[in-house]
Amino acid sequence: MSKTTTLAVLGAGAWGTALANMAASRRGKVWLWAHDPAHVEAMRQSRRNDRRLPGVDLARHVEPVADIACAGEADHVLAVVPAQNFRATAEALRGHLQPGSAVVNCAKGIERQTGLYMHEVLADVLPGQPAAALSGPSFAVDLARGLPTAVTLAAGRIELAEELCARLAAPNFRLYRSSDLIGVEIGGAAKNVLAIACGVAMGRKLGASAHAALLARGFAELMRFAAAQGARPETIMGLSGLGDLALTCSSPQSRNYALGFALGEGEAPQAASHGKLSEGALTARILVEKARRLGVEMPIAEAVTAILESRIDVGAAIEALMSRPFKAEG
């Protein structure tokens, strides 16, 4: 792919801004779309996105825009919007995309109303448009500061994954290609729910041993859930599975971990997010419903869902997990 390829990044949050800057480092044009015209104008004037990623200058080739029609000028599109807004964004793209332009999902969730993963939502709204997904252990501030970051990019056609990896790669941003689209999206969605559990344990001061146990048993749940849907084991054991789980379950930079930490400290579910979006909180209910339909046991995800829905308190959830019947590890 030519270094002058044009990309559109839809969503001017912290991660969208960091990705736009990274993509623009390859000297190609990058549109950075935000739905709020005032936000766009502020970025144009200051050449920064202090609303979402303070202290980081926009790269020279990044152009903030408020008209989603910019996607029609792009070879490929990165959709960096919350999972529950992905359908509306895809619908807004109808009639704008070039034939063959890939839509790369950068969200980590499951659509609550339908139980669909993002590539399935795209197929529903824009049939025939190539889908891809970018996921892995990554914080926007690390990427923006030039710290080493590695992620997985998956597409149904491995040739498309290779093309996109070549376009987005930079010295501090390494991408691994995959054709396991569902595996990459499952890892990103499920790990957010499990990160809430780890945050609860640390907020409750249960200690490092409990944290390690939750991380290991949560990964076992993720593996079972993914296997039941045909995901490849190597995908779940890679960056978009275990790698992302380890990061999100261990850092207060993660909104999901921070939400869990607040719950562990005794805050009510309605207040614990502190006004910040937690994809895991929105995904928990549909995740456990899908697991039940598949016959997959996910007791940690079940406990998180019950806490979020105020059906059980943290103490009772911990007691229930610790008193489960003895079984072989697996």
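Residues numbered from 1 in each chain as written. Predicted model: local features only at pLDDT ≥ 70, side-chain atom pairs only at ≥ 80, totals over all residues. Heavy atoms only, no water.

S.K.: What should I look at first to understand the UniProt feature "domain: Glycerol-3-phosphate dehydrogenase NAD-dependent C-terminal" (unreviewed entry) in the protein chain in this one?
M.R.: Within the UniProt annotation, "domain: Glycerol-3-phosphate dehydrogenase NAD-dependent C-terminal" (unreviewed entry) is assigned to residues 180-318. Each end of residues 180-318 is marked by a C-alpha atom, and these two atoms are 34 Å apart; helix forms 71% of the span and strand 0%. (UniProt positions renumbered as here; feature names shortened; annotations may be inferred. Helix = DSSP H or I, 4+ residues; strand = E, 2+ residues; numbered from the N terminus.)

S.K.: It is not clear to me how the sheet that holds strand β7 (residues 103-105) should be interpreted in this structure. Could you clarify?
M.R.: Working definition: the strands of a sheet are paired by backbone hydrogen bonds and lie parallel or antiparallel to each other. Spatial ordering of the open sheet is given by β5-β2-β1-β6-β7-β8-β9-β10, a layout of 8 strands whose pairing is mixed. Across the chains shown, the open sheet's two edge strands, defined by having one partner strand only, are β5 (62-65) and β10 (173-178). Going from strand to strand, the sheet's axes swing by 25° on average, the running direction of each strand aside. When strand β9 (residues 149-155) meets β10, the two strands line up parallel, connected through 6 bridges. For Ala150, the partnering residue across the bridge sits in β10 and is Arg174. Packed onto the sheet, helix α6 (residues 158-168) meets β1 (7-10), β2 (30-33), β6 (76-79), β7, β8 (131-135), β9 and β10 and runs at close to 175° relative to β10. (Pairing = 2+ DSSP bridges. Axes fitted to C-alpha atoms, helices over the stretch in contact; angles between N-to-C directions. Contact = heavy atoms within 4.5 Å.)

S.K.: Can you walk me through the environment of Leu116 in this structure?
M.R.: With respect to the secondary-structure elements, Leu116 resides in the loop between β7 and α4 (118-125). Classification of Leu116 as partly exposed rests on a relative accessible area of 23%. The residues contacting Leu116, other than those within four sequence positions of it, are Arg87, Ile110, Glu111 and Val121. (Buried < 20%, exposed > 50% of the residue type's maximum accessible area, 1.4 Å probe, protein only.)

S.K.: Quick question: what am I supposed to make of the packing of aromatic side chains here?
M.R.: Each aromatic ring pair is specified by the distance between its two centres and by the angle formed by the two planes. According to the stated counting rule, one finds 1 aromatic pair in the structure shown. On the numbers, 6.3 Å between centres and 35° between planes, the contact of Tyr257 with Phe261 is tilted. Here the residue Tyr257 and the residue Phe261 both occupy positions in helix α11 (residues 255-264), the gap between them amounting to 4 residues, near one helical turn. (Phe/Tyr/Trp six-rings, centres within 6.5 Å; stacked < 30°, edge-to-face > 60°.)

S.K.: Sorry if this is basic, but what is going on with the side chain of Asn256 here?
M.R.: Inspection of the secondary structure puts Asn256 in helix α11. Of the polar contacts made by the side chain of Asn256, one reaches the side chain of Asn192; its length is 2.9 Å. Residues contacting Asn256, with those up to four places away along its chain left out, are Asn192, Ala195, Ile196, Thr248, Ser278, Glu279, Gly280 and Ala281. (Polar contact = N/O pair within 3.5 Å; in protein donor to acceptor, adjacent residues only side chain to side chain.)

S.K.: Before we go on, may I ask you to explain the packing of helix α12 (residues 279-294) against helix α13 (residues 299-308) in this structure?
M.R.: A pair of packed helices is characterised by two quantities: the angle between their axes and the separation of those axes. It is at 9 Å that the axes of α12 and α13 come closest, and there the two elements cross at 135°. Compared by their axis directions, α12 and α13 come out oblique. In terms of crossing hand, the pair formed by α12 and α13 is left-handed. For the pair α12 and α13, the contacting residues are Ala281, Ala284, Arg285, Leu287, Val288 and Arg292 in the first and Ala301, Glu302, Thr305 and Leu308 in the second. When the residues that make up the contact of α12 with α13 are grouped by side-chain class, the tally is 6 nonpolar, 1 polar and 3 charged. (Parallel < 35°, antiparallel > 145°, perpendicular 65-115°, else oblique. Left-handed = near helix turned anticlockwise from the far one by under 90°. Nonpolar A, V, L, I, M, F, W, Y, C, P; charged D, E, K, R; others polar.)

S.K.: Quick question: what am I supposed to make of the UniProt feature "active site" (unreviewed entry) in the protein chain here?
M.R.: Cross-referencing UniProt, the feature "active site" (unreviewed entry) maps to Lys191 in the present numbering. If you trace the backbone, Lys191 turns up in helix α7 (residues 181-203). Since its relative accessible area comes to 5%, Lys191 is described here as buried. When neighbours within four sequence positions are excluded, Lys191 is seen to be in contact with Lys108, Asp244, Leu245 and Thr248.

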